[in-house]
Amino acid sequence: MTQELTLSIVGSGGDGAVAAGDILSMACASEGLHVIKTEAYGPQIRGGESSCTVRISSAPIYAQGDAIDVLVVFNWADFGRFAGELAPAEGALIFHEEKDPAPADLGNVRLVPVSFAGARSKNVFALGLLSAALGLPSAAIRTAVASRFGKKAEAVIAANLAAFDAGLQSPAAGASEIKLVYQKSEPKLLMSGNEASAVAAIDAGCRFFAGYPITPSSEILHFLAEWLPKIGGSCLQTEDELAAIGAVVGGSFAGVKSMTATSGPGLSLMAEMIGLSSMAEVPSVIVNVQRGGPSTGLPTKSEQSDLLHAVFASHGDTPRAVIACGDVEESYHAMIDAFNIAEEFQLPVIVLTDQSVAQRRETLSADKLTHEVRERHIATAEEMVDFKRYRDTPTGVSPMSAPGVKGGEYQTNGLEHDEQGRPNSMFSMHEKMNAKRYRKLDAIAERYPLYTRYGPVKAALGILCWGSSAGPVREAIEKMNAAGESVAAFVPRMIMPLPKRELEQFVASCDEILVVELSYSKQFYQYLRTEIDLPHDRTRVYARSGGKALGVNEVMLVAARLSEEVLV
Amino acid sequence: MTQELTLSIVGSGGDGAVAAGDILSMACASEGLHVIKTEAYGPQIRGGESSCTVRISSAPIYAQGDAIDVLVVFNWADFGRFAGELAPAEGALIFHEEKDPAPADLGNVRLVPVSFAGARSKNVFALGLLSAALGLPSAAIRTAVASRFGKKAEAVIAANLAAFDAGLQSPAAGASEIKLVYQKSEPKLLMSGNEASAVAAIDAGCRFFAGYPITPSSEILHFLAEWLPKIGGSCLQTEDELAAIGAVVGGSFAGVKSMTATSGPGLSLMAEMIGLSSMAEVPSVIVNVQRGGPSTGLPTKSEQSDLLHAVFASHGDTPRAVIACGDVEESYHAMIDAFNIAEEFQLPVIVLTDQSVAQRRETLSADKLTHEVRERHIATAEEMVDFKRYRDTPTGVSPMSAPGVKGGEYQTNGLEHDEQGRPNSMFSMHEKMNAKRYRKLDAIAERYPLYTRYGPVKAALGILCWGSSAGPVREAIEKMNAAGESVAAFVPRMIMPLPKRELEQFVASCDEILVVELSYSKQFYQYLRTEIDLPHDRTRVYARSGGKALGVNEVMLVAARLSEEVLV
Amino acid sequence: MSANAKDYKSDLKPVWCPGCGDFGVLNSLYRAFADLELAPHETVVVSGIGCSSRLPGYVETYGFNSLHGRALPIATGVKLASPQLNVVAVGGDGDGLAIGGNHFLHSARRNVDIAYIMMDNEIYGLTKGQAAPTTPLGDKTKSTAYGNPEAGVDPCSLAISFGATWVARGFSGDVKGTTELMKKAIQHRGFAFLNIISPCVTWRGDDQHKEIRAKAKALPPEHDSGNREAALRFCNEEGVVSTGVLYAVEHPTLVGEMQHIREKAQAKYPSSTRTDMLRAFAL
Amino acid sequence: MSANAKDYKSDLKPVWCPGCGDFGVLNSLYRAFADLELAPHETVVVSGIGCSSRLPGYVETYGFNSLHGRALPIATGVKLASPQLNVVAVGGDGDGLAIGGNHFLHSARRNVDIAYIMMDNEIYGLTKGQAAPTTPLGDKTKSTAYGNPEAGVDPCSLAISFGATWVARGFSGDVKGTTELMKKAIQHRGFAFLNIISPCVTWRGDDQHKEIRAKAKALPPEHDSGNREAALRFCNEEGVVSTGVLYAVEHPTLVGEMQHIREKAQAKYPSSTRTDMLRAFAL
Ligand SMILES: Cc1ncc(C[n+]2csc(CCOP(=O)(O)OP(=O)(O)O)c2C)c(N)n1
Ligand SMILES: Cc1ncc(C[n+]2csc(CCOP(=O)(O)OP(=O)(O)O)c2C)c(N)n1
Ligand code: SF4
Ligand code: SF4
Ligand SMILES: [Mg+2]
Ligand SMILES: [Mg+2]
């Protein structure tokens with residue numbers, strides 16, 4: 001009897017491990033269960049080892065599974081290739097191909113040999129077996145199997161359903177004592193972070209996307225290439241990222257909400273144009289899906305190491321906003337906030353997500369997917385009297401027009417300019433206009449102090465983290481507080497400008513501070529220090545490379561070690 | 001009687017104001033005087049207003065002149081266009097065209113009308129006049145005039161010398177009571193920062209330059225395009241900055257010391273390739289001459305606002321070194337340090353200079369232009385046994401080979417890789433290799449704790465500044481200490497990694513701290529805080545936009561205001 | 001002709017050197033806009049960085065003097081976002097052929113519906129005289145102390161091979177002829193490339209004007225601008241600078257193709273509500 | 001033939017999908033290197049990013065799998081720094097024609113002395129199947145749900161118009177023919193461009209191999225590779241994929257020009273000591 005379980009399926013390219021995970025996740029979502037599904041692949045471009053991990057729970061969950069309760073191994077060699085990435089829990093149940101004897105060093109696990117090789121669609125057979133063994137919703141899974149092969153020939157569907165039924169009947173199922181208990185509830189959506197970003201872009205009113213493919217962000221391009229034309233927008237795959245962000249600035253200058261999506265190498269190439277967007281005060285929205293760096297790095301793995309580039313890249317004093325998102329639902333909201341801020345404050349906004357959020361599939365209720373949308377304000381005829389495109393105002397936001405608007409003609413540029421936009425390189429003008437541009441960040445900080453706080457109001461330990469680290473940290477502190485400890489967490493969602501006052505209050509409310517992040521060079525810690533004091537004597541940092549998801553247990557271990565050792 | 005004076009000449013394009021300044025500076029340098037010469041132009045691409053300011057002193061000087069003692073105005077309209085940039089001192093002496101009556105609002109100055117328009121070469125005539133009026137070395141100036149027109153027809157030389165003599169005899173000279181007194185000494189060189197960088201590159205052993213023109217760095221390209229071929233090297237003007245830094249990485253991979261030079265927009269475009277240089281551990285040297293930003297900004301004016309981009313740009317955790325230089329002589333040394341560090345530690349090194357240093361001409365003794373040069377270590381046959389290009393070592397520095405070396409063949413990439421360079425995306429390998437790459441920064445910090453410190457060992461006020469701000473700060477604290485105050489300054493020359501221990505000691509040794517920089521968003525202050533604690537209650541920041549040189553008086557004023565008001 | 005060339009003049013004074021060819025280009029542009037009666041608020045002039053790229057500041061329409069080399073991506077974004085606008089990209093030979101070369105290739109290839117005017121002075125003007133991709137072999141410049149080691153390229157033949165559907169050459173000294181070419185470029189459906197030889201008196205010497213004038217020769221009236229090979233031959237003639245419309249064909253344009261895609265999408269999925277969009281995420 | 005193809009094989013196992021055309025290209029490269037007896041330590045293989053760009057890792061010479069689109073600048077740097085090396089750049093059609101298009105243009109134009117091998121699968125392989133500049137008009141890909149709105153370009157005719165002095169086309173299924181072309185490319189003095197059609201079985205389907213094989217046709221022996229117009233005609237033939245050397249001419253190369261400049265510099269200033277260098281800075 002359990003309310004939660006994590007299962008993995010491991011095989012080679014043709015084994016359908018990932019497809020099985022998809023089917024299972026969809027079925028569980030339709031039952032109203034909470035699901036987080038991740039995939040992993042070897043270096044082989046196709047046909048190499050692949051695995052799929054599904055965490056299923058009757059209560060909300062915020063992290064992918066740390067330790068695997070149930071494992072299906074079609075092939076031990078493939079399992080071996082994921083060494084260190086797929087860790088069976090103590091006493092884990094492992095269904096494995098009977099013809100492939102298990103290696104000796106597996107530790108305390110329960111091995112159940114199964115004849116997968118004999119089955120027709122071994123992945124679907126495995127789903128049947130798992131259904132029966134673990135009390136998973138077999139009717140829903142059966143429906144999901146049928147739907148998955150819905151466009152194929154009748155015979156294919158029938159064969160798969162037969163394989164499923166054979167799995168259901170498999171005697172191996174009896175080996176399991178784990179049964180999932182849950183209450184069926186409203187069906188949920190199952191979405192990846194990239195899909196949520198794309199849907200949000202459409203909801204935000206984005207009607208022009210220009211981008212260049214790059215892992216792990218390309219799904220945003222794919223989704224928008226399909227959907228934008230349907231609703232009257234357009235999607236352009238450009239020759240490179242320089243052109244992508246250039247076209248976005250052009251589209252936005254022309255009055256249409258525009259965006260691009262990329263990953264680290266692309267964001268590096270966009271540094272110069274981010275400066276133009278900031279200087280010419282043309283709104284732009286850039287989604288950056290972080291992957292392991294530096295350079296080409298680890299393109300299919302997650303990391304939180306584009307932070308300093310996102311907040312500081314581009315020569316000169318270049319104000320921009322940066323918003324983070326820590327899960328699929330936040331990917332939706334961050335995107336709309338990004339458009340709202342870009343349009344209202346006329347600057348570039350970078351949405352920082354990462355591979356783990358962008359490519360995992362997660363359940364969420366459709367009714368969570370709403371968010372207030374703000375429109376660009378085009379100066380009215382009245383406001384256009386004595387129109388100055390870069391008028392110096394108390395908020396720094398100036399009246400804007402756009403091609404097509406009569407009387408709003410202006411000529412802009414990336415040179416320093418006066419209120420009319422005319423090039424001007426006098427110190428006094430430069431100082432005045434820098435002040436105007438930076439004043440917008442104050443207004444954003446005031447209006448969008450976005451953050452999430454978990455745990456008690458005063459705590460012995462306060463954890464600072466951001467983005468996808470928030471999920472494991474949240475689960476960890478829930479467990480720790482349940483065990484009588486006193487741990488809180490503060491997660492800024494607005495990264496630039498930081499919710500400084502709230503951060504400082506949080507730091508003051510905790511005895512010890514622990515910064516947790518997946519960046520070897522402690523980018524978050526460094527960045528926080530640019531804005532707030534983090535006194536050495538009560539601050540510790542746990543920063544490691546990405547390439548492996550942050551675990552709930554890992555966070556708990558680190559938090560426990562805190563009093564013993566220095567982590568910086 | 002004075003030991004120091006600052007004079008400016010202002011006119012339109014054809015007036016030869018800048019040429020006159022050059023001649024005067026060269027002559028003074030040949031007398032062993034100390035000179036700093038700057039130029040300024042209006043927005044017009046040619047033929048607009050131009051001015052030239054020369055500060056001459058018998059003792060060493062570190063800043064361009066704040067307030068102008070003597071001014072030659074060929075045309076008041078041109079003078080007006082430099083409003084706020086050319087500030088005559090109290091009681092300044094102004095020789096102006098007699099046909100052009102002076103405006104009313106000049107304040108306390110002494111006006112001397114002269115018939116420049118009547119003279120044949122009015123700029124050279126003015127030099128004669130100034131010689132006689134101010135006690136400048138007229139024989140040397142006469143030689144410099146002859147040398148300047150050396151390649152022209154005899155008649156041209158003769159006419160100019162005649163103009164010079166006419167100026168010498170001009171009765172207007174009698175109006176002056178200012179006379180420069182000095183001891184003639186060893187002739188000095190007169191060089192710009194860009195020229196010093198280029199000479200240093202050659203001295204450092206650089207034999208391949210690839211670059212793309214950009215103001216204010218192009219003189220480095222021009223100099224190396226002329227000199228590298230003479231000494232067997234090559235210089236390539238590429239299609240853009242992406243190609244420039246790419247070719248540098250290629251040239252260096254092939255075993256030749258290689259560099260590029262650019263300014264902000266170019267550095268923004270280089271962000272991605274800096275990551276490759278760091279990841280593949282291929283040495284590269286990039287000179288970045290800062291100008292006003294963001295975006296195209298103020299291309300001909302100075303600012304210190306590329307700092308955060310230089311230290312943090314490029315996605316991922318990307319170690320690199322950054323060295324600053326604050327004057328022409330430091331431009332020489334920083335360049336050779338940069339090559340030494342790049343070659344020894346196999347990473348990208350950015351030299352941060354700025355327009356004010358790069359384009360001003362300054363005197364220096366030829367014997368200061370020497371610096372130890374270190375060569376790349378190519379693994380010996382012995383070291384090549386069990387050769388691993390990315391061997392994990394205590395310093396992080398691995399054995400290196402280069403094409404042409406037998407037995408040293410290796411295949412590299414920007415992916416995460418193992419010690420052999422083979423792509424590897426396992427977390428454990430990533431963490432190990434990140435640690436290896438960052439360890440090099442520790443070794444650099446140990447070996448190159450470059451900084452300069454001025455003033456008493458313990459001080460009431462400690463100023464932190466960097467790069468070209470150091471000159472005015474140094475002069476200001478000399479004056480303040482002479483007046484009985486207690487002011488010190490700490491100027492890190494190594495920016496990344498910072499000389500942290502020494503910085504902390506300095507901060508501890510001063511009662512109050514003042515950060516001075518030319519960046520609206522306080523980039524230096526923010527960056528310092530990532531590494532050291534700067535307690536709010538005793539730290540103040542004076543950060544303003546660039547576009548106007550930092551003045552000695554300005555620093556003194558700010559320092560004096562410190563106890564009165566908060567500056568952050 | 002109801003519009004007046006002066007109506008398109010902004011109150012910003014050009015920073016160009018006296019005698020710069022770019023003045024002629026600007027005057028042609030004013031006249032072309034006036035002749036075509038382009039509505040200033042529906043017209044966008046986009047440029048990169050360079051002396052020539054300062055041009056949009058002098059034109060009283062919407063204007064964008066952007067980044068070195070990036071005029072074309074920005075212009076493409078403007079046009080796709082708002083297809084009813086008249087979009088004219090302008091800039092220098094360095095801007096368009098060196099740092100911006102890739103965008104030139106791809107914008108031409110996509111046949112995006114804009115006019116692209118290159119002000120070609122065979123040099124980098126703004127940065128004070130380094131070699132451009134158009135600088136002739138052997139020329140001494142600030143960056144080629146021993147003579148340019150690279151042969152200069154011809155922008156028109158490149159444009160044709162990139163896939164531009166309209167290619168012409170003009171000379172800034174011939175304001176009238178250039179005006180006519182600009183009008184045709186703006187009226188062309190698709191990517192129109194107009195190369196205007198526009199002398200830089202400061203870095204190429206005062207004689208460039210005269211030399212070009214001596215070499216400039218209108219294309220023979222019988223030239224068939226639909227004939228690619230003939231066009232390429234005229235591009236590369238020795239000692240002659242042929243002016244006029246070298247090449248002109250009609251191909252599907254990017255704006256047209258985007259509209260076509262929208263129609264296909266709407267036909268394929270007659271209903272595309274938000275509910276439809278979310279359907280894929282549930283069983 | 002004293003060298004053996006196997007000697008050039010590194011111990012890294014290719015990550016390519018079973019059946020990928022790139023295996024054939026790699027085998028041709030091993031053989032070509034062996035036939036030419038290239039010294040491994042004097043040979044450098046540089047690539048960008050893509051499936052195809054993984055190739056240098058599999059070759060036991062010096063190798064550099066660099067950044068997407070940047071193989072050519074890096075290869076240029078290697079060659080200019082160390083002209084005695086054999087430098088071969090390799091990569092995909094996306095790498096070379098999309099993000100790297102500008103470097104292709106300028107490297108060809110400069111006639112830099114390297115061989116550039118493009119493994120052309122008409123798709124972005126590594127990023128899982130988006131349209132490349134070579135993807136035919138109308139094809140559905142991950143990024144063109146309603147069919148590619150852009151016409152695919154032909155890399156060979158582009159290379160010729162960029163100024164490449166040697167241009168050929170091969171097919172990865174024909175290991176022997178491709179080997180011979182590679183050898184010629186490496187031996188050519190100047191910029192040699194070899195386009196190899198190398199099917200992507202994963203994103204272009206299993207039939208690409210067969211289709212190309214059916215269309216591939218060796219150039220007629222009487223084709224005059226010095227004839228630019230003829231070469232361009234063969235590049236663009238309908239329904240036929242002509243293989244062989246399309247174009248080959250001799251022009252001054254970048255390495256040669258750099259040497260020439262050095263000689264001029266040394267002739268102009270017979271003495272160029274450090275003292276000479278500092279002379280300009282004193283009266
Ligand atoms: C990224 C970047 N690199 C370099 C520069 C410097 N720059 C400004 S204009 C220019 C070239 C100017 O030549 P061209 O485009 O031919 O225009 P012209 O001045 O001749 O009209 C260069 C290299 C820049 N502004 N941005
Ligand atoms: C700057 C940058 N943008 C995008 C990518 C993502 N990316 C990697 S390979 C590739 C294209 C692959 O296509 P191609 O060059 O044709 O090589 P193939 O895989 O087909 O051999 C892209 C877009 C990247 N690595 N770097
Ligand atoms: S430098 Fe040349 S191109 Fe620039 S404005 Fe002057 S003449 Fe014209
Ligand atoms: S995806 Fe295509 S190009 Fe890449 S390895 Fe597989 S078959 Fe080859
Ligand atoms: Mg030009
Ligand atoms: Mg490809």
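All of the points below concern the structure found in this document. (Residues numbered from 1 in each chain as written. Chains lettered and ligands numbered in written order. Predicted model: local features only at pLDDT ≥ 70, side-chain atom pairs only at ≥ 80, totals over all residues. Heavy atoms only, no water.)

## Regarding the interface of chain B and chain A
So, step 1. Between chain B and chain A, the residue contacts involve 60 residues of the former and 60 residues of the latter.
So, step 2. At the boundary of chain B with chain A, the tally comes to two salt bridges.
So, step 3. Measuring nitrogen to oxygen at the nearest pair gives 3.1 Å for the salt bridge that ties B:R529 to A:D533.
So, step 4. Put simply, chain B and chain A have 43 residue pairs in polar contact (both at pLDDT 80 or more) between them.
So, step 5. Those elements that place two or more of their residues in the side of chain B that touches chain A are α9 (264–269), α10 (271–279), α11 (307–312), α14 (427–447) and α17 (523–531) of chain B.
So, step 6. The greatest single-element share of the side of chain B that touches chain A, amounting to seven residues, is contributed by α14(B). (Contact = heavy atoms within 4.5 Å. Salt bridge = Lys/Arg side-chain N within 4 Å of Asp/Glu carboxyl O. Polar contact = N/O pair within 3.5 Å; in protein donor to acceptor, adjacent residues only side chain to side chain. Helix = DSSP H or I, 4+ residues; strand = E, 2+ residues; numbered from the N terminus.)

## With respect to the relation of the copies chain B and chain A
So, step 1. Rotating chain B by 180° and moving it 0.0 Å along the rotation axis overlays it on chain A with an RMSD of 0.1 Å. Given the turn and translation reported, the copies of this chain are related as if by a two-fold rotation axis. Within chain B, the C-alpha atom positioned nearest to the axis of rotation is that of B:A313, 2.5 Å from it.
So, step 2. Here 100% of the interface residues in chain B have copies in chain A that are interface residues too; the copies meet face to matching face. (Least-squares fit on C-alpha atoms with pLDDT ≥ 70 in both.)

## Digging into the coordination of the magnesium ion (ligand 5)
All names here are of chain C.
So, step 1. Looking at the magnesium ion (ligand 5), the protein donor atoms are D93 (OD), N121 (OD1) and I123 (O), and they sit 2.0 to 2.2 Å from it.
So, step 2. Mapping the donors of the magnesium ion (ligand 5) onto the primary sequence gives the spacing D-x27-N-x1-I. In this pair, D93 sits in helix α3 (residues 93–99) while I123 sits in the loop between β4 (115–120) and α5 (155–162), placing the two residues 30 residues apart along the sequence. In terms of burial, D93 and I123 fall into one category: buried. (Donors = N, O, S within 2.8 Å, 3.2 Å for Na, K, Ca; no water. Buried < 20%, exposed > 50% of the residue type's maximum accessible area, 1.4 Å probe, protein only.)

## What about the sheet that holds strand β4 (residues 115–120) of chain D?
Two orientations exist for strands paired in a sheet by backbone hydrogen bonds: parallel and antiparallel.
So, step 1. One open sheet holds the nine strands; their spatial order is β15(B)-β2(D)-β1(D)-β3(D)-β4(D)-β6(D)-β5(D)-β8(D)-β7(D), and the pairing between them is mixed. Each end of this open sheet is capped by a strand with a single partner; those strands are β15 (411–413) of chain B together with β7 (216–218) of chain D. If you compare each strand with its neighbour and ignore which way they point, the axes differ by 20° on average.
So, step 2. One ladder, built from six bridges, connects β4(D) with strand β6 (residues 192–197) of chain D; its direction is parallel. Opposite D:Y116, over in β6(D), you have D:F193 as the bridge partner. (Pairing = 2+ DSSP bridges. Axes fitted to C-alpha atoms, helices over the stretch in contact; angles between N-to-C directions.)

## Focus on the pattern of salt bridges
Residue and element names in this part refer to chain A.
So, step 1. Taken as a whole and judged by the stated rule, the model has 88 salt bridges over all chains.
So, step 2. The shortest N-O distance in the salt bridge between E344 and R374 comes to 2.9 Å. One end of the pair, E344, is in helix α12 (residues 328–345); the other, R374, is in the loop between β14 (361–364) and β15 (411–413), with 30 residues separating them in the sequence.
So, step 3. One network of salt bridges, with partners in common, ties together D22, K37, E39, R148, E195 and R361.

## Details of the pairing of strand β11 (residues 284–290) of chain A
Residue and element names in this part refer to chain A.
So, step 1. In terms of burial, β11 is largely enclosed, as seven of its seven residues are buried.
So, step 2. The alternating pattern of β11 places S284, I286, N288 and Q290 and V285, V287 and V289 on opposite faces, both of which are buried.
So, step 3. Pairing geometry for strand β10 (residues 258–263) and β11, over five bridges, is parallel. What sits directly across from T262, in β11, is N288.
So, step 4. In terms of strand pairing, β11 meets strand β13 (residues 348–354) through seven bridges, oriented parallel.

## Concerning helix α18 (residues 552–561) of chain A
Working note: α-helix, 3.6 residues per turn, so residues spaced by three or four point in the same direction.
All names here are of chain A.
So, step 1. Where α18 is concerned, the buried positions are V552, E554, V555, V558 and A559. One side of α18 carries all its buried residues, which in axial view fall inside an arc of 160°.
So, step 2. Among the structural elements, β17 (459–464), α15 (470–482), β20 (510–517) and β21 (539–543) are those in contact with the buried residues of α18. (Arc of directions from axis to C-beta.)

## Re the packing of aromatic side chains
The description of an aromatic ring pair rests on the distance of the ring centres and on the angle between the ring planes.
So, step 1. A full pass over the atoms with the stated rule returns 52 aromatic pairs over all chains.
So, step 2. Measuring from ring centre to ring centre gives 5.0 Å for A:F74 and A:F116, while their planes differ by 90°; the resulting arrangement is edge-to-face. Of this pair, A:F74 sits in the loop between β4 (68–73) and α2 (76–81) while A:F116 sits in the loop between β6 (109–114) and α3 (122–134), placing them 42 residues apart in sequence.
So, step 3. Where C:F104 meets C:Y116, the ring centres are 5.3 Å apart and the plane angle is 85°; that geometry is what we call edge-to-face. Taken together, the positions of C:F104 in helix α4 (residues 101–110) and C:Y116 in strand β4 put the pair 12 residues apart, joining distant regions of the chain. Like C:F104, the residue C:Y116 is buried in the burial classification.
So, step 4. Among the aromatic side chains, those forming a connected cluster through ring pairs are C:F104, C:Y116, C:F162, C:F191, C:F193, D:F104, D:Y116, D:F162, D:F191 and D:F193.
So, step 5. Above the ring of B:W227, the side-chain terminus of B:K230 is found at 3.5 Å from the ring centroid. (Phe/Tyr/Trp six-rings, centres within 6.5 Å; stacked < 30°, edge-to-face > 60°. Lys NZ or Arg CZ within 6 Å of the ring centre and 35° of its normal.)

## Comments concerning the site of ligand 3
So, step 1. The local shell around ligand 3 consists of B:I45, C:W16, C:C17, C:C20, C:C51, C:N121, C:C200, C:V201, C:T202 and C:W203.
So, step 2. More than one chain approaches ligand 3, the contributing ones being chains B and C.
So, step 3. Tallied by class, the residues present in the shell around ligand 3 amount to eight nonpolar, two polar and no charged. (Near = heavy atom within 4 Å. Nonpolar A, V, L, I, M, F, W, Y, C, P; charged D, E, K, R; others polar.)

## A word on a positive patch on the surface
So, step 1. Side chains of A:K151, C:K264, C:K268 and D:K140 sit close together on the surface and give a patch of like positive charge.
So, step 2. When you line up the elements, D:K140 lands in the loop between β4 and α5 (155–162).
So, step 3. A relative accessible area of 62% means that D:K140 is categorised as exposed. (Patch = residues over 30% accessible without salt bridge, like charges linked within 9 Å, V, L, I, M, F, W, Y side chains within 5 Å. Areas by Shrake-Rupley, 256 points an atom, 1.4 Å probe, with all protein chains shown as cover. Lys, Arg positive; Asp, Glu negative; His and termini not counted. Charge placed at Lys NZ, Arg CZ, Asp CG, Glu CD.)

## A closer look at unusual backbone geometry
Peptide bonds are trans in most cases, and residues, glycine excluded, mostly fall at negative phi.
So, step 1. For the bond running from B:G293 to B:P294, omega is 0°, close enough to zero to count as cis.
So, step 2. When you line up the elements, B:P294 lands in the loop between β11 (284–290) and α11.
So, step 3. Cis geometry marks the peptide bond from B:M496 to B:P497; its omega dihedral reads -5°.
So, step 4. With respect to the helices and strands, B:P497 occurs in the loop between β19 (494–496) and α16 (500–509).
So, step 5. At D:E122, a residue that is not glycine, the phi angle is positive and equals roughly 60°.
So, step 6. Note on placement: D:E122 falls in the loop between β4 and α5.

## Considering the site of ligand 2
So, step 1. Inspection of the region around ligand 2 gives 23 residues, with A:E241, D:C51, D:S52, D:D93 and D:D95 positioned closest.
So, step 2. Between ligand 2 and D:S52, the relevant distance is 2.6 Å, taken from an oxygen atom to a side-chain nitrogen or oxygen of the residue.
So, step 3. One nitrogen or oxygen atom from the side chain of D:N121 is found 2.9 Å from an oxygen atom belonging to ligand 2.
So, step 4. Counting only elements with at least two residues in the shell around ligand 2, the list comes to α9 (264–269) of chain A together with α3 (93–99) of chain D.
So, step 5. Per-element tally for the shell around ligand 2: the top contributor is α3(D), with four residues.
So, step 6. Of the residues contributing to the shell around ligand 2, the split by class is 11 nonpolar, eight polar and four charged.

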